Amino acid sequence: MSNKYDRKDFLKISSAAMSGAMLTSAGLPKMSFAKKSGRDNPIRLGFVGIGGRGQWHLSSALGIPGVQVPAVCEIKPERLYTAKRWVEEAGQPTPTLYGEDEDKTAFERMCGEEDLDAVICATSWKWHAPVCLAAMRNDKHAACEVPLVLTLEEGWELIETFESTGHWASTVLGGFPDVTLLNMIRQGLLGDMIHAEGGYIHDLRFVKHAPDEEPWRLWHSIYRNGNLYPDHPMRTIMPALDINHGDRIDYLISMGTKSVMLNDYAADQYGEEHPYATKEMKQGDYNASLIRTVDGKMITLNFDTNTPHPRGNYRFQGTKGVYLRDRGTNRIYIDGQSPESHEWEPAETYREEYESPILKNYNPPERVVEIRGHGGSNRQTSINWTNLVEAIRNGTQPYIDTYDSVTSSAVSAVTEKSIAEGCRPVDFPDFTRGKWKNRAPIFSDV
């Protein structure tokens, strides 16, 4: 299918050899990035958004030797001054505080005024792309929570800004992929990969209707309809299928059910007269999207944050076997090797045998600050932060680079387009503009 969304290259950037320690990006395009000189040169970070995830990341950063936080931006005063206290308790100078402006562009002032290496963005979704663009246009990198973009226009703007400035935007802080499963695939245990299934399956009815929170999550259910949170499952699916690294997404088709559950939940919790008990919700309660790659692989991507259920599972199918992960229970079947024909076996033995060298060789740095806030495991947070800091020091990109970060998040915009056009197939833009053909796989050197 044609890449009708492709735009003309804005600027050719000179190549430079990339160097880096373990966990720096492998197989990324050769770009010229600003490089910190010397291990003793501090990494200076500015934070935008100090909610649950922002607090988690701030406390993580303050625990890393050599990382400084000279500026913090947050529109809620209580969060802003909590961040100020944490920075001071970590023994660092009082940061410059950027609160709410009348025009709500305090982050733009911070990006323009502060001497920073990178900006960490953990705001509500609609501000992710604007914050990252402000950072990149002011000679700073950006590390962002997912999703990085909400529209294709934002995606192309980020790509073009990256290619013209050399400053990247990455969703490296959005979770670490299952690199042990990835190692199984790379070693050929499952054969050639042909299909992956996963999704964001998480009952968030209470979060969307939480009485004490700004209902920005509910806003997306009211006004949008698609597969709205693809990045977490795509974090492992994309490298497993070599998307943007030897293959790319060609097109997708998406469809959703009717919307019932958010209205029912509001009526049950707050009464039938509550405004949200009858408010029209555009987002279907369950979305299923089929994605096909140029090489003929397929992804089944599910999205459901409205119905009562536990978390969902993942399935990776190759020509020699299949791997299933369901709520922490890992199962596997290898053709001609599993002891019982057509029966699952526990995958733990295989996971021990194929444990990723990344995990084997990783020694988390000793932290000096307790990690607080909403986030994943300490080890997962630590390894992402190690990768982020080393990328800044070594003049590389994090393992999930700008092209991959934009591609992963843009899935939501293309699914919205498919549903709006009657659940028809829609071409997926090639944000790499052909570079996918020669980009080495992620983590290819470990």
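That block above? That's the structure.
For clarity, every value in this text was computed on a predicted model and none was experimentally measured.

Visitor: Where do I start with the overall build of the protein chain in this structure?
Guide: Summing up its helical and strand segments, the protein chain has 15 helices and 15 strands in all. Counting only residues that meet the buried cut, the protein chain has 56% of its 446 residues in that class. When contacts within the protein chain are restricted to residue pairs at least 6 apart in sequence, those whose partners lie at least 24 apart make up 75%.

Visitor: Hey, could you run me through the pattern of salt bridges in this one?
Guide: Opposite charge on two side chains makes pairing possible when the charged atoms of those side chains draw close. Under the defined criterion, the tally for this structure stands at 17 salt bridges. A salt bridge links Asp 295 to Lys 297, with the nearest nitrogen and oxygen atoms 3.4 Å apart. For Asp 295, a relative accessible area of 54% puts it in the exposed group. Ionic pairing is found between Arg 439 and Asp 404, a salt bridge with its closest N-O pair at 3.3 Å. Note that Arg 439 is positioned in the segment after β15 (426-427) and Asp 404 in helix α15 (residues 402-420), a separation of 35 residues in sequence. Side by side, Arg 439 and Asp 404 carry an identical accessibility label, which is buried. When salt bridges with common partners are traced through the structure, they connect Glu 163, Arg 433 and Lys 435 into a single cluster.

Visitor: How should I be thinking about α15 in this particular structure?
Guide: Along its 19 residues, α15 runs 27 Å from first to last C-alpha, staying within 8% of the 27 Å computed at 1.5 Å per residue. Taking the largest bend as the criterion, α15 deviates by roughly 30°, centred on Ala 410. Within α15, 16 of the 19 residues are buried, which leaves the element mostly enclosed by the surrounding structure. Just downstream of α15, Gly 422 is the residue with a positive phi angle, here 80°.

Visitor: Please clarify how the packing of helix α6 (residues 179-186) against helix α9 (residues 231-240) should be interpreted in this entry.
Guide: Working note: a packed helix pair is described by the angle between its axes plus the distance between those axes. Direction vectors running N to C along α6 and α9 enclose 20°, while the axes themselves pass 10 Å from each other. What the angle tells us is that α6 and α9 run roughly parallel. You can see that α6 and α9 cross each other, and the crossing is right-handed. On α9, the residues that touch Leu 181, Leu 182, Ile 185 and Arg 186 of α6 are Thr 236, Pro 239 and Ala 240.

Visitor: Would you take a moment to explain the sheet that holds strand β9 (residues 287-293) for this structure?
Guide: One open sheet holds the 9 strands; their spatial order is β14-β13-β12-β11-β7-β10-β9-β8-β15, and the pairing between them is mixed. The open sheet has two free edges, formed respectively by β14 (345-346) and β15, since each of these has just one partner strand. Both strand β12 (residues 321-326) and strand β13 (residues 329-334) contribute to a ladder of 6 bridges, which runs antiparallel. In the sheet register, Tyr 323 faces β13, and the bridge partner there is Ile 332. Lying over the sheet, α9 contacts β7 (193-201), β8 (249-256), β10 (298-304) and β11 (313-318), oriented at roughly 170° with respect to β7.

Visitor: Hey, could you run me through the pairing of β13 in this one?
Guide: In summary, the side chains of a regular strand alternate between the two faces of the sheet. Once β12 ends, the chain turns through 2 residues before running back antiparallel as β13, passing Arg 327 with a positive phi of about 55°. Strand direction decides the pairing type here: β13 and β14, joined by 2 bridges, are antiparallel. Residue pairing for β14: Arg 331 is matched across the bridge by Pro 346.

Visitor: How should the sheet that holds strand β4 (residues 118-121) be read in this particular structure?
Guide: Sheet strands associate in pairs through backbone hydrogen bonding, adopting either a parallel or an antiparallel arrangement. Taken in spatial order, the 6 strands line up as β3-β2-β1-β4-β5-β6 in an open sheet, and their pairing is parallel. Edge positions in the open sheet fall to β3 (96-98) and β6 (169-170), since each of these has one partner strand only. In terms of strand pairing, β4 meets strand β5 (residues 141-144) through 4 bridges, oriented parallel. Its bridge partner lying in β5, Ile 120 is registered against Ala 143.

Visitor: What is the right way to look at α9 in this model?
Guide: Because an α-helix packs 3.6 residues into every turn, residues spaced three or four apart end up facing the same way. In terms of residue burial, α9 counts as a mostly covered element, since 9 of its 10 residues are buried. Of the residues making up α9, those classed as buried are Asp 231, Pro 233, Met 234, Arg 235, Thr 236, Ile 237, Met 238, Pro 239 and Ala 240. After α9 finishes, the residue Asp 242 shows a positive phi value of roughly 60°.

Visitor: Would you explain the pairing of β4 in this entry?
Guide: What you see with β4 is no split at all: Ala 118 and Ile 120 on one side and Val 119 and Cys 121 on the other are buried throughout. Bridge count between strand β1 (residues 43-48) and β4: 4 bridges; the pairing is parallel. Counted as the bridge partner of Leu 45 is Ala 118 from β4. Each parallel crossover has a hand, and for β4 linked through helix α4 (residues 128-136) to β5 it is right-handed.

Visitor: Where do I start with the packing of helix α5 (residues 152-165) against α15 in this structure?
Guide: Running from amino to carboxyl end, α5 crosses α15 at an angle of 170°, the nearest separation of the two axes being 9 Å. What the angle tells us is that α5 and α15 run roughly antiparallel. Contacts between α5 and α15 involve Leu 152, Gly 155, Leu 158, Ile 159, Phe 162 and Glu 163 on the former and, on the latter, Thr 402, Tyr 403, Val 406, Ala 410, Ala 413 and Val 414. Looking at side-chain class alone, the contact of α5 with α15 contains 9 nonpolar, 2 polar and 1 charged residues.

Rules used in this analysis
- Residues numbered from 1 in each chain as written.
- Predicted model: local features only at pLDDT ≥ 70, side-chain atom pairs only at ≥ 80, totals over all residues.
- Heavy atoms only, no water.
- Helix = DSSP H or I, 4+ residues; strand = E, 2+ residues; numbered from the N terminus.
- Buried < 20%, exposed > 50% of the residue type's maximum accessible area, 1.4 Å probe, protein only.
- Contact = heavy atoms within 4.5 Å.
- Salt bridge = Lys/Arg side-chain N within 4 Å of Asp/Glu carboxyl O.
- Expected span 1.5 Å × (residues − 1).
- Bend = angle between axes of the 7 residues up to and from the residue.
- Axes fitted to C-alpha atoms, helices over the stretch in contact; angles between N-to-C directions.
- Parallel < 35°, antiparallel > 145°, perpendicular 65-115°, else oblique.
- Left-handed = near helix turned anticlockwise from the far one by under 90°.
- Pairing = 2+ DSSP bridges.
- Right-handed = clockwise from strand over helix to strand, strands pointing away.
- Nonpolar A, V, L, I, M, F, W, Y, C, P; charged D, E, K, R; others polar.

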